[in-house]
Amino acid sequence: MIKTLQQLLASLFLAGCSMLGIRNSAEAAYTLILQDGDIEIRAYRPLFIAETNVDADYANSGSIGFNRLAGYIFGNNRQQQKLAMTTPVYREQQGEKIAMTAPVIQQKSAGQWRMAFVMPPEYTLSTLPEPLDPLVEIKQLPAKKVAVLRYSGSLSEEKISTMANALSVWLNRHAYKVLSPARSAAYDPPWTIPALRRNVVHIDID
């Protein structure tokens, strides 16, 4: 019961959302380069992430990775320091490099999934607390130019694949050079009303 309550509080803290999906967490800053309907080209500055690899399928990797990283920002670190969350959270399949800041990003690879929390911008590699869990790593991501497709509704693997394909078609049509597979990013907790969800697919471009 206590563990379940802790997980729920962690979810609420991370998402910064009400039951209806109203968000108040800070988001990683970016520069908007171009917008075409629900598709955007964005430039992201370098950022720091807390990252973990999870040996599980898509359905189970989310809760495992989330709880592991939530523990880190709730004080499971050498300094026993609590950190604010920057949205979104990323998940991607192992074998690919996480390339963005703030939703939950998820990307398919080969049996393992990588999840990352974006760290608040005021921290550096030397000032972020050291994780006590050896499965949590702190990394710096370089600046990126990213194509983004925003959508609402389900965050199923099927929907992610559909939206990733749509973004890929748009990039090919406009002659952009693709540098990464698609990643999924989610800004909301699972209980958010689907119509109010903010889901995003990212693809790194040249």
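Residues numbered from 1 in each chain as written. Predicted model: local features only at pLDDT ≥ 70, side-chain atom pairs only at ≥ 80, totals over all residues. Heavy atoms only, no water.

K.L.:
Help me understand the overall build of the chain in this model?
P.N.:
Check the secondary structure of the chain and you find three helices and eleven strands. Each helix (α) and strand (β) of the chain, taken in turn from the N terminus, gives the series α-β-β-β-β-α-β-β-β-β-β-α-β-β. Counting only residues that meet the buried cut, the chain has 48% of its 206 residues in that class. Restricting the contact set of the chain to residue pairs at least 6 apart, pairs at least 24 apart contribute 68%. (Helix = DSSP H or I, 4+ residues; strand = E, 2+ residues; numbered from the N terminus. Buried < 20%, exposed > 50% of the residue type's maximum accessible area, 1.4 Å probe, protein only. Contact = heavy atoms within 4.5 Å.)

K.L.:
Any chance you could explain the side chain of S180 here in plain terms?
P.N.:
Structurally, the position occupied by S180 is in the loop between α3 (157–173) and β10 (183–186). Separated by 3.2 Å, the side chains of S180 and R183 make a polar contact. Only 3.0 Å separates the side chain of S180 from the backbone nitrogen of D204, close enough to count as a polar contact. Beyond its immediate sequence surroundings of up to four residues, S180 is in contact with I203 and D204. (Polar contact = N/O pair within 3.5 Å; in protein donor to acceptor, adjacent residues only side chain to side chain.)

K.L.:
What exactly am I supposed to notice about the confidence of the model for the chain here?
P.N.:
Close reading of the predicted structure is inappropriate where its pLDDT is low. In this model, the chain carries an average pLDDT of 80, and 78% of its residues clear a pLDDT of 70 or more. Within the chain, no element has a lower average pLDDT than helix α1 (residues 2–15), which sits at 44, and none a higher one than strand β3 (residues 39–44), at 97. Contacts of residues 8–22 to residues separated by more than four positions or lying in other chains number 41 contacts, the stretch itself having pLDDT below 50. (pLDDT = per-residue confidence, 0-100.)

K.L.:
Mind showing me how you'd approach the side chain of R114 here?
P.N.:
Mapped onto the elements of the fold, R114 is located in strand β7 (residues 113–118). Judged by relative accessible area, which is 10%, R114 ranks as buried. Among the polar contacts listed, one links the side chain of R114 to the side chain of N53, at a separation of 3.3 Å.

K.L.:
Please clarify how the packing of aromatic side chains should be interpreted in this entry.
P.N.:
Centre distance and the angle of the planes are the two values used to describe a pair of aromatic rings. Within this structure, the stated rule accounts for four aromatic pairs. Taking the centre distance of 5.5 Å and the plane angle of 70° together, the rings of Y58 and W113 count as edge-to-face. Here Y58 is found in helix α2 (residues 58–73), whereas its partner W113 is found in strand β7, with 55 residues between them in sequence. When its relative accessible area of 4% is taken as the criterion, W113 is described as buried. Directly above the ring of Y30 sits R42, whose terminal nitrogen or CZ lies 4.1 Å from the centroid. (Phe/Tyr/Trp six-rings, centres within 6.5 Å; stacked < 30°, edge-to-face > 60°. Lys NZ or Arg CZ within 6 Å of the ring centre and 35° of its normal.)

K.L.:
Sorry if this is basic, but what is going on with the environment of T52 here?
P.N.:
You can see T52 is positioned in strand β4 (residues 47–54). Using a relative accessible area of 1% as the deciding quantity, one classes T52 as buried. Sequence separation between T52 and D133 is 81 residues; the distance between their C-alpha atoms is 9.8 Å. The contacts of T52, once residues within four sequence positions are left out, are G65, R68, L69, W113, R114, M115 and L135. At 2.8 Å, the side chain of T52 and the backbone oxygen of L135 are in polar contact.

K.L.:
For this particular structure, what's the right way to read the pairing of β3?
P.N.:
The side chains of a regular strand alternate between the sheet's two faces. Among the six residues that make up β3, five are buried, leaving the element largely enclosed by the rest of the structure. With six bridges joining them, strand β2 (residues 30–36) and β3 adopt antiparallel strand pairing. What sits directly across from Y30, in β3, is Y44. Connecting β2 to the antiparallel partner β3 that follows it, the hairpin turn spans two residues, and G37 within it adopts a positive phi of roughly 65°. (Pairing = 2+ DSSP bridges.)

K.L.:
What is the right way to look at unusual backbone geometry in this model?
P.N.:
A negative phi angle is the norm for most residues apart from glycine, just as the trans form is the norm for most peptide bonds. Positive phi is not limited to glycine here, since Q80 has a value of about 50°. A positive phi is found at A175, a non-glycine position, where the angle reads about 60°. The class for A175 is exposed, based on a relative accessible area of 68%.

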